[in-house]
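# Summary of the model geometry
The lines below spell out each chain.
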Number of protein chains: 2
Amino acid sequence: MAAELRANGHKLTPQRLAVVRVLREATEHLTPLQVLERARGIRSGVGLTTVYRTLDLLSELGFVRRVHLGGGCQAYAPVRQRAGHHLVCQGCHHVVDFPCAGLTELIEQTARQTGFTVASHLLEFEGLCPACQ
Amino acid sequence: MAAELRANGHKLTPQRLAVVRVLREATEHLTPLQVLERARGIRSGVGLTTVYRTLDLLSELGFVRRVHLGGGCQAYAPVRQRAGHHLVCQGCHHVVDFPCAGLTELIEQTARQTGFTVASHLLEFEGLCPACQ
DNA sequence: GTGCTAATTGAAAAAGTTTTTCAGTTGCCA
DNA sequence: TGGCAACTGAAAAACTTTTTCAATTAGCAC
Ligand SMILES: [Zn+2]
Ligand SMILES: [Zn+2]
Ligand SMILES: [Zn+2]
Ligand SMILES: [Zn+2]
């Protein structure tokens, strides 16, 4: 992510890099507060404000995705698959990406039946990871 | 909804009925504060606490669904189709239901490839309603 | 290197949202 | 017509998120 951040004209501050690293290495979804804790383990003194700002930035750039299932709507997980969505474990909040496929027909059918145009979609799966089953 | 509320052992208070009516008649998604305003138009003196409690109750009973797209995650829309999901207009927040169909294969494929079991899913579409196009 | 500047940062305050408390009220059943 | 558990709303508490602003700093030009 760091390289792409720079490519997009953003400074590579140690605080920002700590947050980026936390999310790159995360296997579960993390709330801003959880990100703060972990980022402070990498670089003490990171502020919560910076965490919020960095999460917004990473969202915009498509490096993280907000996760709605599995406890609240304020958790973030790394995007490992650009054209994909998140599958969350109900037990341990482990998050994996799965490819977005097979929605085209449903989208077209929905557009036809409602008269709406469909510009984007939100899809998440929730279940149990192998370890929690 | 009122009949089913009673069937599920809940009291039919005027406050609760006002909130129920607001949501039955809503064509857009509504935040708790918006629900409060409208409910007070039906029955003055309704409290915000009651709105929150009633929205929780109606969610549990499956009469409303929380909507995540189109501005925050704290908006509610009536469920007009049990086995369905919501499509939200980006312009006016008009919400319609569409049937849940065609996901089985993607779910099975995802389960196979990840080793997770998939218990539930969240799906929302966002676009423009006929009037806003 | 050195200096410049716009971007970034964090503490604090403000704003906003949601939950908890609790005393009083009330729908519903016997 | 009680009786009582469910329900209510005001206030307070608890949280979460955003805004402010003075100080710092990454990255660039020289
Ligand atoms: Zn959400
Ligand atoms: Zn798990
Ligand atoms: Zn519209
Ligand atoms: Zn579905």
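Here the structure is a predicted model, which is why all the values come from computation and not from measurement. (Residues numbered from 1 in each chain as written. Chains lettered and ligands numbered in written order. Predicted model: local features only at pLDDT ≥ 70, side-chain atom pairs only at ≥ 80, totals over all residues. Heavy atoms only, no water.)

## As for the interface of chain B and chain A
At the interface, 36 residues of chain B touch 36 residues of chain A. Buried area between chain B and chain A, summed over both chains or domains, comes out near 3,000 Å², and the portion from carbon and sulfur atoms is 70%. It is Phe116, Leu122 and Phe125 of chain B that lose the most area in chain B upon contact with chain A, and together they represent 23% of the buried surface on that side. Our count for the contact surface shared by chain B and chain A stands at zero salt bridges. Taken together, the connections running from chain B to chain A amount to eleven residue pairs in polar contact (both at pLDDT 80 or more). Mapped by element, the contributors of at least two residues to the side of chain B that touches chain A are strand 3 (84–89), strand 4 (95–99), helix 5 (104–114) and strand 5 (117–128) of chain B. Per element, the largest residue contribution to the side of chain B that touches chain A is twelve residues, and it comes from strand 5 of chain B. Partitioned by chemical class, the residues of the side of chain B that touches chain A number 21 nonpolar, 13 polar and two charged. (Contact = heavy atoms within 4.5 Å. Buried area = accessible area lost by both parts, 1.4 Å probe. Salt bridge = Lys/Arg side-chain N within 4 Å of Asp/Glu carboxyl O. Polar contact = N/O pair within 3.5 Å; in protein donor to acceptor, adjacent residues only side chain to side chain. Helix = DSSP H or I, 4+ residues; strand = E, 2+ residues; numbered from the N terminus. Nonpolar A, V, L, I, M, F, W, Y, C, P; charged D, E, K, R; others polar.)

## Quick word on the domain arrangement of chain A
All names here are of chain A. When cut into domains, chain A gives domain 1 (1–79) and domain 2 (81–133). Each of domain 1 and domain 2 has a C-alpha centre, and the two are 22 Å apart. Each partner contributes to the interface: domain 1 provides 16 residues, whereas domain 2 provides 15 residues. Joining domain 1 to domain 2, the criterion identifies one salt bridge. Here Asp97 ties to Arg65 by a salt bridge, and the two come within 3.5 Å at their closest N and O atoms. In this structure, the connection of domain 1 to domain 2 is made through ten residue pairs in polar contact (both at pLDDT 80 or more). When residues of the side of domain 1 that touches domain 2 are traced back to their parent elements, those giving at least two are strand 1 (64–67) and strand 2 (75–78). The dominant element in the side of domain 1 that touches domain 2, judged by the number of residues it contributes, is strand 1, at three residues. Within the side of domain 1 that touches domain 2, the residues separate by chemical class into seven nonpolar, five polar and four charged. (Domains from an automatic or database assignment.)

## Details of the coordination of the zinc ion (ligand 4)
All names here are of chain B. In this structure, His85 (NE2), Cys100 (SG) and His121 (NE2) serve as the protein donors to the zinc ion (ligand 4), at separations of 1.9 to 2.1 Å. Of note, the donors binding the zinc ion (ligand 4) are all from one chain and are spaced H-x14-C-x20-H. Taken as a pair, His85 in strand 3 and His121 in strand 5 lie far apart in primary sequence, 36 residues in all. We classify His85 as buried; its relative accessible area is 8%. His121 gets classed as partly exposed once you look at its relative accessible area, which sits at 26%. (Donors = N, O, S within 2.8 Å, 3.2 Å for Na, K, Ca; no water. Buried < 20%, exposed > 50% of the residue type's maximum accessible area, 1.4 Å probe, protein only.)

## Focus: the pairing of strand 4 (residues 95–99) of chain A
Sheet topology places strand 3 (residues 84–89) of chain A next to strand 4 of chain A; five bridges connect them, and they run antiparallel. Counted as the bridge partner of Val88 of chain A is Val95 of chain A from strand 4 of chain A. (Pairing = 2+ DSSP bridges.)

## Examining the sheet that holds strand 4 of chain A
Sheet strands pair by backbone hydrogen bonding; their relative direction is either parallel or antiparallel. Strand order in the open sheet made by the six strands is 4(A)-3(A)-5(A)-5(B)-3(B)-4(B), with mixed pairing throughout. Both edges of this open sheet fall to strand 4 of chain A together with strand 4 of chain B, since each of them pairs with a single strand only. In this sheet, neighbouring strand axes are inclined to one another by 30° on average, regardless of whether the strands run parallel or antiparallel. For strand 3 of chain A and strand 5 (residues 117–128) of chain A, the ladder comprises four bridges, and the chain directions are parallel. Looking across to strand 5 of chain A, one finds that His86 of chain A is bridged to Glu124 of chain A. Those strands touched by helix 5 (residues 104–114) of chain A are strand 5 of chain A together with strand 3, strand 4 and strand 5 of chain B, and its axis lies near 130° from that of strand 4 of chain B. (Axes fitted to C-alpha atoms, helices over the stretch in contact; angles between N-to-C directions.)

## Let's talk about the pattern of salt bridges
All names here are of chain B. The full count for this structure, using the stated rule, is six salt bridges over all chains. A salt bridge links Arg38 to Glu28; the nearest nitrogen and oxygen atoms lie 3.0 Å apart. Of this pair, Arg38 sits in helix 3 (residues 32–42) while Glu28 sits in the loop between helix 2 (14–25) and helix 3, placing them ten residues apart in sequence. Under the relative-accessibility criterion, Glu28 is labelled partly exposed at 22%.

## Side note on the protein's contact with DNA strand C
Among the 19 residues in the neighbourhood of DNA strand C, the closest are listed as Thr13, Arg16, Thr50 and Arg53 of chain A together with Tyr52 of chain B. Elements that contribute at least two residues to the surface near DNA strand C include exactly helix 2 (14–25) and helix 4 (48–60) of chain A together with helix 4 (48–60) of chain B. Tallied by class, residues from the surface near DNA strand C come to four nonpolar, nine polar and six charged. (Near = heavy atom within 4 Å.)

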